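# Analysis of the macromolecular model
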Amino acid sequence: HPRRPGGARRAHPARLTPQARAPASAPTHPIMDGLLVVDKPSGPTSHDVVARMRRALRERRIGHTGTLDPMASGVLPLVIGRATRLARFMPSDDKRYDAVVRLGWATDTCDAMGRPTGPAWSAELPGRDAIATALAQFVGTALQQPPAY
């Protein structure tokens, strides 16, 4: 028989009393239902975060209420267990984005992950007023287009 630390013998599973054996259908973890708010770092996809939480919590019924791009960091609400049924009632249209803009360059993928398509801008950059006017067109409701890459 295998020995425990300190020399004590462990009982053979077949010798356990029925009360000492866990039923085959007993959950191996507490059942969880609810909302978990995750501060997603830049890098993993929303699906990566869900997959990691499924493993960590040993719960297959986990979903997110809105996708964040892999480069984006921020709040990613996850619904767990029976709460996944409520995800469709959660508001998904009230979002706010903060961005860091780098002026004077463009990439082949139209995002920060691509390769520069030409030399950096060498002329004088526009003033604050011109930048504020250009950024104003990004304020408000917009239909997002998924990136092609």
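What counts, and where the lines are drawn
Residues numbered from 1 in each chain as written. Predicted model: local features only at pLDDT ≥ 70, side-chain atom pairs only at ≥ 80, totals over all residues. Heavy atoms only, no water. Salt bridge = Lys/Arg side-chain N within 4 Å of Asp/Glu carboxyl O. Helix = DSSP H or I, 4+ residues; strand = E, 2+ residues; numbered from the N terminus. Buried < 20%, exposed > 50% of the residue type's maximum accessible area, 1.4 Å probe, protein only. Phe/Tyr/Trp six-rings, centres within 6.5 Å; stacked < 30°, edge-to-face > 60°. Lys NZ or Arg CZ within 6 Å of the ring centre and 35° of its normal. pLDDT = per-residue confidence, 0-100. Patch = residues over 30% accessible without salt bridge, like charges linked within 9 Å, V, L, I, M, F, W, Y side chains within 5 Å. Areas by Shrake-Rupley, 256 points an atom, 1.4 Å probe, with all protein chains shown as cover.

The full count for this structure, using the stated rule, is two salt bridges. Among the ionic pairs, R82 bridges to D33, the shortest N-O distance being 3.1 Å. Taken together, the positions of R82 in the loop between β3 (74-80) and α2 (128-136) and D33 in the segment before β1 (34-40) put the pair 49 residues apart, joining distant regions of the chain. When its relative accessible area of 35% is taken as the criterion, D33 is described as partly exposed. For E59, the salt bridge identified is with R61, shortest N-O distance 3.3 Å. By relative accessible area, R61 is classed as partly exposed at 30%.

Our focus in this paragraph is the packing of aromatic side chains. Scanning the model with the defined rule gives zero aromatic pairs in all. Over the face of the ring belonging to W105 we find R102, whose NZ or CZ atom lies 4.3 Å from the ring centre.

A separate point is the confidence of the model for the chain. Taken as a whole, the chain shows an average pLDDT of 79; of its residues, 77% reach a score of 70 or greater. Taking the mean pLDDT of every element in the chain, the minimum, 90, falls on strand β2 (residues 62-64) and the maximum, 93, on helix α1 (residues 46-57).

Time to look at a nonpolar patch on the surface. On the surface, V101, L103, W121, L125, L135 and F138 cluster together into a nonpolar patch covering about 650 Å² of accessible area. Note that L103 resides in the loop between β3 and α2. In this structure L103 comes out as partly exposed when scored by relative accessible area, which is 43%.

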